[in-house]
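The primary structure of each chain is shown beneath.
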Amino acid sequence: MLLETIQLGEPVEHRGIVVTPLFPRRNPVAAYLTLDEALVAGLRVTETSRSGSVPELAVENRLEADVLLYDGEELVGAKQNRILNVTVLVGAKSTLPIPVSCVEEGRWAWRTERFQAALHISHTELRRRKAERLQAAPLARGAAQADVWDEVRSKAARMGVTSETGANADTYRHFSRDIRVLERAFPADDGQCGAVLSLGDRHCLDAVSRPGAFARLWPKLRSGYLLDALELLDRDPATTAGVERFVAAVNGALMAREPSAGRGEDLRLRGTGVVGGGLELDGELLQVSAFTSDGGARSGRIARPSRRHA
């Protein structure tokens, strides 16, 4: 399935981080805006009510275009920061609830009426753990919350970050300079529609159907990639053969479909050493994210701060 729609480009390696670009094999059909584009144009993301509901937010799309909300995208403000549990395509001129998880455990108080988009998409380990938990019931409200909170806490502890509200965004702020230094090595290519991050034997794949959408998502995805990479700098880099084996495993994974939270069908992927999800609309793969699962060997944890490089 996957290899019918995308192809691998030449990998880029820097300090043990390997990013392999993905390019489309087909012209995209479905049109949509990204979250950042839509928020500027008037999309509203709010709490479901004045009292709010931790595992759910409300999206009001008054625009004439569909909007793609990406798995792991972080929304900041309102009563507490949240992340998207799955990718959702919000139809034009529609309002719907979306499933989310909290990534700010210590706050339940109003800051803003509407949510804004963070400058990052959740780091890959958080998204992997969420995907593992949501395999059986991807739209179940609150099903992944305990795992998400555990990873947010663990990530902050491993990286020596304290946050008054337990906000995942504070870890990104703390390491923003380190991320900016690394991101210079990984610009997007023209026509790119996805990427594979490889940290040793751990991999993460992200792709969308439209290169223009990927160009807007890439800075946010890259921030999440590099936050994880900071824990594993200067290790032996992944081999091209290792990346190709991972992509082949994703391609051969079993795929389950069910109605999504918005338009199209939610996809759940499970194969030998891989787990993931995505979104399909009228037979077109709009988005896919896949991760090395716990069945694969784990790389080491973060080096102490004195051994970090920037």
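Residues numbered from 1 in each chain as written. Predicted model: local features only at pLDDT ≥ 70, side-chain atom pairs only at ≥ 80, totals over all residues. Heavy atoms only, no water.

(A) Main features of the pairing of strand β3 (residues 17-24). Counting buried positions along β3 yields 7 of 8 residues, so the element is predominantly enclosed. Bridge count between strand β2 (residues 12-14) and β3: 3 bridges; the pairing is antiparallel. Within the sheet, the bridge partner assigned to Val12 lies in β3 and is Val19. As consecutive antiparallel partners, β2 and β3 are separated by 2 residues, and within that stretch Arg15 has a phi angle of approximately 55 degrees, a positive value. Bridge analysis of β3 against strand β13 (residues 194-199) gives 6 bridges, and the strand direction is antiparallel. Note on β13: the bridge partner recorded for Leu22 is Gly194. (Buried < 20%, exposed > 50% of the residue type's maximum accessible area, 1.4 Å probe, protein only. Helix = DSSP H or I, 4+ residues; strand = E, 2+ residues; numbered from the N terminus. Pairing = 2+ DSSP bridges.)

(B) A look at unusual backbone geometry. Here the phi dihedral of Ala78 falls at roughly 50 degrees; this positive angle occurs in a residue that is not glycine. For Ala78, a relative accessible area of 0% translates into the label buried.

(C) Broad picture of the side chain of Glu280. Position of Glu280 among the secondary structure elements: in strand β17 (residues 274-281). A polar atom in the side chain of Glu280 sits 3.0 Å from the side chain of Arg257. Residues within four places of Glu280 in sequence aside, it is in contact with Arg257, Gly264, Glu265, Leu267, Leu285 and Leu286. (Polar contact = N/O pair within 3.5 Å; in protein donor to acceptor, adjacent residues only side chain to side chain. Contact = heavy atoms within 4.5 Å.)

(D) Seen up close, the state of the cysteines. Inspection of the entire model under this criterion finds 0 disulfides. In this structure Cys193 is a free cysteine whose sulfur lies 14 Å from that of Cys204, the closest cysteine sulfur available. Owing to a relative accessible area of 1%, Cys193 belongs among the buried residues under this scheme. (Disulfide = S-S within 2.5 Å.)

(E) Fine view of helix α5 (residues 176-183). Buried residues of α5: Asp178, Ile179 and Leu182, and no others. The buried side chains of α5 occupy one side of the element, clustering within an arc of 100 degrees when seen end-on. Contacts from the buried residues of α5 go to β2, β3, α4 (168-174) and α6 (211-229). (Arc of directions from axis to C-beta.)

(F) Layout of the nonpolar core. Counting 39 residues, the largest nonpolar core has Ile17, Val208, Trp218 and Leu230 as its most contacted members. Those elements giving two or more residues to this core turn out to be β3, α5, β13, β14 (202-208), α6, β17 and β18 (284-292). Of all the elements, α6 adds the most residues to this core, at 9 residues. Every residue in contact with Trp218, bar those within four places of it in the chain, is listed here: Val19, Phe186, Pro187, Ala188, Ala195 and Tyr225. In terms of nonpolar packing, the next biggest core, distinct from the first, is built from 23 residues, Leu35, Leu43, Ala78 and Val90 among them. (Core = buried A, V, L, I, M, F, W, Y, C linked by side-chain atoms within 4.5 Å.)

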